[in-house]
Amino acid sequence: MMTPSTDRSETVGGFEAEIPVTAMTDRRSMPRQEVQQSVAVIPVMLDGGPGTLQWADANLRDVSASGLALHLRHESQLSGRTLVIGVESSSGGRAFATLRIESQSQAADGLLRIGGKWAAGSNDDILAAEKLRPRVDPKKLSFVYGLPFDTLAEWTRLGVFRRYLVDRVLLCDRCGSMPSWRMGCHVCGSGRIHRDRLVHHFACAHVDRAVEYETAEGLQCPKCRTANLIVGSDYEFIDGPVECCDCGARGGQPTMAAMCHRCHHRFSMEESDERPLYAYHVERLDPLTIAR
Amino acid sequence: MFSDWLAWLSRMSTEEVLCILAPILLLDAPRYALGSVAVWVCDLVGQAYRDLTGIDEIRFTHRPRCCAIVAGLNEAASLEQALRSLSGSYPDLQIVVVDDGSTDGMAEIACEFARAHGETTVVRKPTRGGKSSALNAALPFTDAEILICIDSDSHLGDNAIWEIVQPFTDPRVAAVSGTVLVRQPFVNLLTWLQASEYYRSIFLGRMFTSRLGILGIVSGAFGAYRREAILRVGAWDVGPGEDGDLTIRLRRSGYDVVFAPYAQCYTNPVRDMGRLTKQRRRWEWAIVTLECRKHIEMANPFRADFRFSNFVMILDRWLYSIVLQYAFALYLVWQVFHVHEYTGYQYLLMYVTYMIMESVQLFLLMYYCEEKQRVLKIGTVLPLMPLYYVWMRFVTLWAVSEELLTRRSYKDNFVPEHVRQVTWHW
């Protein structure tokens, strides 16, 4: 079992980081490191939004794969349950991780001592990838994220998240819901369409609906009365006009049309509300890179 | 030489000159020059009457629902221009493009156009079935009163659709022929000659036959039909000559066919002699197939559907497309055995006579056509026209003979083989 070295405490840039006094046996069963590192400490508010940014050089000690102890110069205890820790990465950017606060205490010297565990993989981790990617909410028929959109925007403004375009989506121009797209009537957009099948009789060039050829004895051309027609040698099929069961319009080909199942609005592609669909990226912090 | 010819001519008596020119003056002149002059005189009288009475002719009073059918095979290059000339040219004009199994992306161009123009419908035939089936395939896609057929390598002139639908105010009219003109006349000498020929044979020629009530052809490149009438006669039959066949069937059913000279359409001429000859052979094959075989009953006065105008029409075809071509050939053969020192002078006299007839027609064209400069420019090829017509007589003779003897049209790839095999060989 490793023992923390209490004679190594120091103050850097007005912030002091010390090895916590509280015993955390599970963490202490793991290798711990002591490093001096610039860190951003951003409290996560109860609504998921960022609190006041704290950015300082600190001597981080007791860094392990499972958690971190940190001393901040802060007048009062933090109200939230989690912090986002940001560290300069080797590539020059910043990497972030969520720390779930296990304990915090206000010392007489004004230092707030925080001990916590990395929240990766738990519900407390606001940096979890599934919270930052859009997904379809089947109840709302729209795209949602794990965090409110305004909250994502706040984190983006702080530089924690980076927004990128995933796709462009066509939404209902009335209610903004995600419609279903299908081939529909070119006039009213209804999906209840029926396509006739035409028969082209080679010998007399007659083209008519297949039902016009049907007789009790088999297929017979209604123009020249030739009977017992054989497909391929006597006739071929052609796609016929499309007829709408709702409005009765006839046309050559159905068009791509949308139906909003929330407000029951039918519309064409040109009428739809085209919106960009973003996801958010965060450079995740590997705690062990702090130690290195 | 010219002075010798004049001296020879001055020595000839009037009777001798008329004897030499008799075939021209009795046959070609009435048919191709005097007829047009008669039409012109009638129009002058009519115009004078309107001027005196102060009655103005209102041109566009009829506005039926129309559908333009553009059927083609591998016409991707020219289709868009044809569609653009149609779009917006007539109120609520429906456009149906039929792709007869093209492999050059014609259907994709049509679909692209249809996406931007909601009134356009694209019909794709899985395999090539011939022009007749392509036109028939458009019928289930429209219920418009008037169907206007336009070749996909053609484009329309100003107000062409307005002009072509006006004759349908008369319920007896089932088909209206538009004027087909050459789009680029000065590509080479052959296109120039065709441009001149189209003006004379279509613009002036059909004006004359239409006034006589014996118009028997509606150009496939630009014609309009009453939907109800063509459904009654079974629409288009297998070609070649499907446009003429439908026109004759409409006439036999009691309908009238008329000509709208100012409904003009511009089409691409063929550019080499081989293709021109092939095109004309196809046209002439149809005369044998239709007027001598399929519809020969039109000449039977004891049939219930006999009409005198149809009889005159079929006589006209027999005489000018068949009988006179053989008479011309026999005359040449006779000349070979009767060559004398003045034979060349005789031919020069005939040439001059034809030039006079051509000049008269050019004058009439200048009177009727709105594009007078274009007509005049095209008309400068006039000295070569008699020679061109002589060549066309040989082509007609060749085509009529091979069709009469071998039914050559049923071996032609204008109609795909799987259709040729099963259709009726008249």
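Everything discussed here concerns the structure shown above.
Residues numbered from 1 in each chain as written. Chains lettered and ligands numbered in written order. Predicted model: local features only at pLDDT ≥ 70, side-chain atom pairs only at ≥ 80, totals over all residues.

Q: So what about the overall build of chain B? Which residues, and what values?
A: A tally of helices and strands in chain B yields 15 helices and eight strands. Along the first, second and third principal axes, the C-alpha set of chain B runs to 75 × 60 × 50 Å. Among the 426 residues that make up chain B, the fraction classed as buried is 43%. (Helix = DSSP H or I, 4+ residues; strand = E, 2+ residues; numbered from the N terminus. Buried ≥ 20, exposed ≤ 12 C-beta atoms within 10 Å, placed from the backbone.)

Q: I'd like a rundown of the environment of valine 160 of chain A, residues and numbers included.
A: Residue and element names in this part refer to chain A. Tracing the backbone shows valine 160 in the loop between helix H3 (149-158) and strand S11 (162-171). The exposure class assigned to valine 160 is buried, which follows from the 22 C-beta atoms found within 10 Å. Apart from the residues within four sequence positions on either side, valine 160 is in contact with Val84, Gly86, Phe96, Trp155 and Val282. (Contact = placed C-beta atoms within 7 Å.)

Q: Which residues make up the nonpolar core, and what are the values?
A: Grouped together as the largest cluster of nonpolar side chains are 102 residues, with contacts concentrated most on Ile69, Ala138 and Ile148 of chain B. Residue contributions to this core peak at 10 residues, all from helix H7 (residues 189-212) of chain B. The residues touching isoleucine 148 of chain B, leaving out its near neighbours within four places in the chain, are Cys66, Cys67, Ala68, Ile69, Ile161, Ile164 and Ala224 of chain B. Core analysis: the second largest hydrophobic core is formed by 34 residues, Leu83, Ile101, Leu147 and Trp155 of chain A among them. (Core = buried A, V, L, I, M, F, W, Y, C linked by C-beta atoms within 7 Å.)

Q: Now, about the pairing of strand S7 (residues 222-226) of chain B: what can you tell me, with residues and values included?
A: All names here are of chain B. Counting buried positions along S7 gives five out of five residues, so the element sits mostly inside the fold. A two-sided burial pattern is seen for S7, the buried positions comprising Phe222, Ala224 and Arg226 on one face and Gly223 and Tyr225 on the other. Examined bridge by bridge, strand S4 (residues 146-151) and S7 share five bridges and lie antiparallel to one another. Residue pairing for S7: leucine 147 is matched across the bridge by tyrosine 225. Both strand S6 (residues 173-182) and S7 contribute to a ladder of three bridges, which runs antiparallel. Looking at the pairing, valine 176 lines up with alanine 224 of S7. (Pairing = 2+ DSSP bridges.)

Q: Give me the sheet that holds strand S3 (residues 120-124) of chain B: which residues, what numbers.
A: All names here are of chain B. Taken in spatial order, the eight strands make up an open sheet running S3-S2-S1-S4-S7-S6-S8-S5, and their pairing is mixed. What marks the edges here is a single partner per strand, and that holds for S3 and strand S5 (154-156). Sheet twist, expressed as the average angle between the axes of neighbouring strands with direction ignored, equals 30°. With six bridges joining them, strand S1 (residues 66-72) and strand S2 (residues 94-99) adopt parallel strand pairing. Bridge pairing in S2 links isoleucine 69 to valine 96. Contacts between helix H4 (residues 106-116) and the sheet are confined to S1, S2 and S3, with S3 contributing the most and set at about 155° to the helix. (Axes fitted to C-alpha atoms, helices over the stretch in contact; angles between N-to-C directions.)

Limitation: the analysis is restricted to geometry and does not speak to function.
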